[in-house]
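Below are the chains, spelled out letter by letter.
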Amino acid sequence: MAADSPSTLSDKPVDGAARPLVSMRGISKSFGENRVLRDVDFEVSAGEVHALLGENGAGKSTLMKILMGVYRPDAGTVTLDGEDIGGTSVLDHLSHGIAMIFQELSLLPNLTVGDNILLGREPRRTGWRIDKRSMRRDAQTVIDRYGFPLRAGQLVRDLGFAQRQMVEVLKAVSRGARVLIMDEPTSSLSLREEEKLFAIIDELKARGMGIVYISHRMAEIFRLANRMSIVKDGQVIGPLDPAATSIRKVSELMSKSKPAVVDTAVIEVAAKPASAGVATALEVRGLKTARKLDDLSFTIAQGEIVGIAGLVGSGRSTLAKALFGLIPDARGRVTVGGQPLKLGHPDAAIAAGIAFVPEDRRLEGLVLGHSLSSNVALASLDKLLHRIGVPVVSDRKIADLFEDYHQKLGIVARRPSQLASELSGGNQQKVVFAKWLATKPRLLILDEPTNGVDVNAKADMRAIMRGAADSGVGVLLISSELDELTASADRILTLVDGRITRELFEAKDEAELRATLQADLAAMKKERLA
Amino acid sequence: MTVQQSSAVERDSAWTTIRRTLVQRPTYLIFAAVTAFFIIFAPNFATLSTAGAILRVTALVSIMAVGMTFVIICGEIDLSVGSASSWSGMVIALLLQANVPTAVAPLLVIAMGALIGLVNGLLVTKLRIPSFLVTLGMLSILSGLALTITNTEPVPIVDDAFSDLLWNASYIGLPAPIWWTIVIVLIGYYLLQMTVFGRRVYAVGGNLVAARFSGIKTDRIKITAFMFSGMTAALAGLLLAARSTAGNPSLGSGLELDVIAAVIIGGTSLFGGVGDIPGSVIGAIFIGILGFGLLVLGLSTSIQEVIKGGIIILAVALNRR
C-alpha cells in the first residue's frame, strides 16, 4: 500500500558521499561485433546528483539500461547497497528501488493522477474490486508529502508536461525508489517549469535520493550536479567535480577526436531569386489564429536569421505551423519573396519557397522506416523526374541528391538505403535539413533544430543555418535554448502569449533574455486580468 | 547505434539486395518449399497446363491484390473488394441485358468501382472513420444490394463478345484473364514503384504526419488508393461474370480475405509504408498454388481451407515487421 510503504527514503540526510548507493564496476557490453561499453565504472551516492553526459551513441543509454536491468552486462557487477543485483530483471531492479523517468513519459493519459501513481498496486476490496476511495486518499498522501500542486483526481490528460513529470516522480518514490534516472527531463519544459523541476530535484536530494541526470544542456548540469561523468566511445571519463571544470572543457572531453564541424562555405543553397527589387524573404501582416496568435506582424530580410524567443505555450510552434500552412484557421497577409502566400496549404507554402524543419524530427520530420535517400527526396519529388512532364521518379537523381547533401552536411551513414531510424539524433536532423535545403527555399523555418542532439551536432546545425542565410535564405529560428538564439540570431523577437512584445537587435545574454520574457509574461497577465 | 565513420557511401550490390530480400521476406522460402512439395508429391503438378490453370484461378485475386497493395501501403484496409466485385458482376449483367453496348458497359462498371472507392476514401479521410469500419459497412451494403437487385436471382449474360474479351479468348497463346492480370500489374507497378504518386503513397503509410509536413496532400493520396482498389475490384467482378457468363450475387463473397492474405504474404506491412506489387502477385500465386495443389492431392475443400489458413498464418507470422 502506497500510504505506508514508500518511506524507504529516510527523511534524514545521509552522511556524505562516502558509501555509494549504487555502484557499477567493470561493466562491459557488446552487441555482436560492436563493443558499446568497455570496463566502465559508475556510481551514485545517496543525496547526490550525478550527471551523465555524452554524445548520442556513446553508450549512455546502454549503461542506463544495464542499471535498469534491461540488459545484462557481459562482464562487471552492479551492486545496490552492497548487494549484487547484476544478473536480475527490470522488475527486480524496480523493487530494489531503481527507477527511470523517460524522455517520453510513460503515464496513461486517460486515467487520473492517483490511478497512475498507484498503477498495478491499487488497494483492493473483496472480489477484485478496486477501492477507489482509499486509492485517492493514498495517492493524495503521497502528493502532499512532496507538496506538489496536484490533485489525485485530476486526469493526466489535462496536465501540463511539468506536472506529468511530477506524477512520474511520485510514481517512482511511492514504489520506494532510492535511485532515480532522469533522461533529458527538461527537454519539453518551459523556463518556469524547469525551475520547478530543479526545486523538486533539490527536495529529492535532501531526502537522500540518488539521482542520475542525463542531459545535453550544460548550464543546468553545472547548476544541479554534484559530480559528472562523461561517456565517450564506450568508456567513462570522470567523475569530475563541476566546480573544478568548465563547460568548454567538458565539451572538449565529450567531442570525438575530430570535430566534424560543417564548413559553412559548402552549403550553397542558391535560393530562388525573389521578385525584382524585393529584399525581404518574408513579410507577415496581421497573422492570427483562433486560439493562439494575436495579430503578428514582422518581416525577415534575405540572409537574415530572426530568432523567436518565447516560453512554452507562447505560440512559437503555432507560428511556424501557421506560416507553413498546417493551421487551417490562420488568417493574415503573408508574402514570401514578394509573392502573396495562400495560407492553410503546405504544398502552396513549399511552392512559395518555405521550408520547415519541425520540432519533433521522429514524428514530424522523418519517415523512420524508410531509406535516407527517400527521406531526403520527399519534399522535392516533383523536381526529381526522369524527364520533365512525365511523373516518373529518377532513382539516379535521388541517389545523387542524397550523395550531394551527404557530403555537404557531413551525414554519417553507411548507404543511401540505410533506414532513417538507424541514425543518431544529430544525423537524423541533418537528413531533415537536407530534405528542406533540397527544395531550394527562400525562407527556412527551424523549430527547435538542435533539440536532443549532441554538442558537436549542434555546432553543425548552426553552421548549416548560417550557410543557408549567407546564400540569401531568410531564417526563422525558434528555440527554447535562449543561448542558442543569442548566439545565432541577427535579431530576436520576443513572443509572449501569442503577441510580439519586443524586437531586440543587440544580442543579449541568456539570463537577460529570460528575465525579459518572464517580466513581459507577468505584465501581459496583469493586462488581461484588468 | 553502430554508426561507422566512412566517407564513401557504398552502393548496394546485387547479392546484398537478394540477401536482404530473403531476410525481409522469409515467406518466399515457405513458398518455395510448398511448391517443391507439390511438385514432388502431387501427380502431374509441374506441367504447363497446371501453371496455366493456376494463373487463371489466380487472376482475380492478383488483380484485386494490386489495388489492395496501394490501400494497405497507405496504412488503411479495404474489406469491400469482395462484395464490390459481386455487385459489379450483377451490374454488368443487367447493363448487357439492357443492351448497353459491349464496349461501353464494362467502362461504366469500372467507373462505378472508382466511385465506390471514392466514397470509401472520403469517409475515411474527411470524417476520420477507421477504414476497417467504413469498408466493413461498404461490404455489407454492396453484398446486400447485389442480393436485393434481382431478388437473389442470377442474371445470365448472352453477350459472347463480352465473355470472350474478358475470359474465354486467348491472345498469343495466353488466355484473356492472364492478359488482364498482366495489364493491371504493369499499371500498378508503374504507379506505385515509378511515379511521384507512388513515392507519396509510401510516405503517407510510413509516417502520415511527416508526409503532411512535407507538403503531401495525404487525403488525396489515400482517396486515390481507395479508388484504384475499387476499380480493380470492379474489373475482377467483370472477369467473374464473364467466367460464369452470368451475374451472380455471391460470386465474389469472401474474396477480400484471399486478397488481403496475398498482399500480406507478399511482404506488405499491415502498418503501412512497406511493400510492393511483385510481392502481392507472388502472394496471390502462392495462394493459388496452395489451393490447386491441395485439390490435386485429393483433399476435400473443407480441409483445404484449414490447411490454407494455417499456412497463411505461418507465413504472416514470419513476415512480421
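What counts, and where the lines are drawn
- Residues numbered from 1 in each chain as written.
- Chains lettered and ligands numbered in written order.
- Predicted model: local features only at pLDDT ≥ 70, side-chain atom pairs only at ≥ 80, totals over all residues.
- Helix = DSSP H or I, 4+ residues; strand = E, 2+ residues; numbered from the N terminus.
- Buried ≥ 20, exposed ≤ 12 C-beta atoms within 10 Å, placed from the backbone.
- Contact = placed C-beta atoms within 7 Å.
- Rg over C-alpha atoms; globule rule 2.2 N^0.38 Å.
- pLDDT = per-residue confidence, 0-100.
- Domains from an automatic or database assignment.
- Core = buried A, V, L, I, M, F, W, Y, C linked by C-beta atoms within 7 Å.
- Pairing = 2+ DSSP bridges.
- Axes fitted to C-alpha atoms, helices over the stretch in contact; angles between N-to-C directions.
- Nonpolar A, V, L, I, M, F, W, Y, C, P; charged D, E, K, R; others polar.
- UniProt positions renumbered as here; feature names shortened; annotations may be inferred.
- Expected span 1.5 Å × (residues − 1).

A. Spotlight on the overall build of chain A. When helices and strands are tallied, chain A shows 17 helices and 22 strands. Across the 530 residues of chain A, 48% fall into the buried class. Within chain A, residue pairs in contact and separated by at least 24 positions form 70% of the contacts whose partners lie at least 6 positions apart.

B. Expanded view of the overall build of chain B. Summing up its helical and strand segments, chain B has 14 helices and four strands in all. Whereas a compact globule of 321 residues would reach a radius of gyration of roughly 20 Å, chain B reaches 20 Å, a difference of no more than 12%. With the principal axes as the frame, chain B shows a C-alpha extent of 70 × 55 × 35 Å. Looking at the 321 residues of chain B, the share that counts as buried comes to 49%. Long-range contacts, defined here as pairs at least 24 residues apart, represent 79% of the contacts in chain B between residues at least 6 apart.

C. Structural context of the confidence of the model for chain A. Residue and element names in this part refer to chain A. For chain A, the average pLDDT comes to 82, and 89% of its residues sit at 70 or higher. In the model of chain A, helix 2 (residues 90-95) stands out as the element of lowest mean pLDDT, 71, in contrast to strand 18 (residues 354-357), which has the highest, 95. Contacts of residues 1-17 to residues separated by more than four positions or lying in other chains number 34 contacts, the stretch itself having pLDDT below 50. Counting contacts from residues 269-276, a segment whose pLDDT is below 50, to residues more than four positions away or on other chains yields 24 contacts.

D. Structural context of the domain arrangement of chain A. All names here are of chain A. Here chain A is described as being made up of domain 1 (20-254) and domain 2 (264-365 + 439-529). Averaged C-alpha coordinates put domain 1 and domain 2 at centres separated by 34 Å. Every contact between the two is made by eleven residues of domain 1 and, on the other side, ten residues of domain 2. Among the secondary structure elements, those contributing two or more residues to the side of domain 1 that touches domain 2 are helix 6 (191-206) and helix 8 (247-254).

E. Looking closely at the confidence of the model for chain B. All names here are of chain B. With 95% of its residues at a pLDDT of 70 or more, chain B has an overall mean of 89. Least confident of the elements in chain B is helix 1 (residues 14-24), whose mean pLDDT is 74; most confident is helix 5 (residues 105-126), at 97. Note that pLDDT drops below 50 for residues 1-9; the model gives that stretch 16 contacts with residues more than four away or on any other chain. The ipTM, which scores confidence in the relative placement of chains, is 0.83 for this predicted complex, and the corresponding pTM is 0.76.

F. Examining the nonpolar core more closely. Among the nonpolar cores identified, the biggest contains 178 residues, and Ile354, Ile445, Val475 and Leu477 of chain A together with Met64 and Leu239 of chain B are the most heavily contacted of them. In terms of residues, this core owes the most to one element, helix 11 (residues 218-244) of chain B, which gives 16 residues. In this structure, Val78, Leu118, Leu204 and Val236 of chain A belong to the second largest nonpolar core, which totals 65 residues.

G. Spatial organisation of the pairing of strand 13 (residues 280-288) of chain A. Residue and element names in this part refer to chain A. Alignment of strand 13 against strand 14 (residues 296-301), held across five bridges, turns out to be antiparallel. The residue bridging Leu287 from the neighbouring strand is Leu296, located in strand 14. Inspection of the sheet shows strand 13 paired to strand 16 (residues 331-336) by five bridges, in the antiparallel sense. In the sheet register, Arg285 faces strand 16, and the bridge partner there is Arg333.

H. Up close: the sheet that holds strand 19 (residues 443-447) of chain A. Residue and element names in this part refer to chain A. The sheet built from six strands is open, its strands ordered 18-19-20-15-21-22 with mixed pairing. This sheet does not close on itself; its edge strands, each paired only once, are strand 18 and strand 22 (499-504). Between one strand axis and the next, the sheet turns through 20° on average, direction left out of account. The pairing of strand 21 (residues 491-496) with strand 22 spans five bridges and is antiparallel. Its bridge partner being in strand 22, Thr494 is matched across the sheet by Arg502. Each of strand 15 (305-309), strand 18, strand 19, strand 20 (474-478) and strand 21 touches helix 9 (residues 316-323); the most contacted strand, strand 19, lies at about 145° to it.

I. Broad picture of the interface of chain B and chain A. Taken together, the contact pairs 27 residues of chain B with 34 residues of chain A. Counting residues per element, the ones that place at least two in the side of chain B that touches chain A are helix 9 (196-206) and helix 10 (208-212) of chain B. By residue number, the principal contributor to the side of chain B that touches chain A is helix 9 of chain B, which donates six residues. Its residues placed into classes, the side of chain B that touches chain A shows twelve nonpolar, ten polar and five charged.

J. Quick peek at the UniProt feature "transmembrane region" (unreviewed entry) in chain B. This chain's UniProt record puts "transmembrane region" (unreviewed entry) on residues 28-47, 53-74, 81-98, 104-124, 131-149, 169-192, 223-242 and 277-299 of chain B. The span residues 28-47 of chain B shows a helical share of 70% and a strand share of 0%, and its end C-alpha atoms are spaced 21 Å apart.

K. Quick peek at helix 14 (residues 425-437) of chain A. All names here are of chain A. With 13 residues, helix 14 ought to run about 18 Å at 1.5 Å a step, and its terminal C-alpha atoms sit 18 Å apart, in line with that. When you tally the buried positions in helix 14, you get twelve out of 13 residues, the bulk of the element. All buried positions along helix 14 are accounted for by Gly426, Asn427, Gln428, Gln429, Lys430, Val431, Val432, Phe433, Ala434, Lys435, Trp436 and Leu437. Turning to helix 14, the residues buried within the fold contact strand 18, helix 11 (361-365), helix 12 (372-377), helix 13 (395-408), strand 19 and helix 15 (455-470).

L. Representation of the sheet that holds strand 14 of chain A in the model. Here we have four strands laid out as an open sheet, ordered 14-13-16-17 (chain A), and antiparallel in their pairing. Looking at strand neighbours, the two that pair on one side only are strand 14 and strand 17 (339-340) of chain A, the edges of this open sheet.

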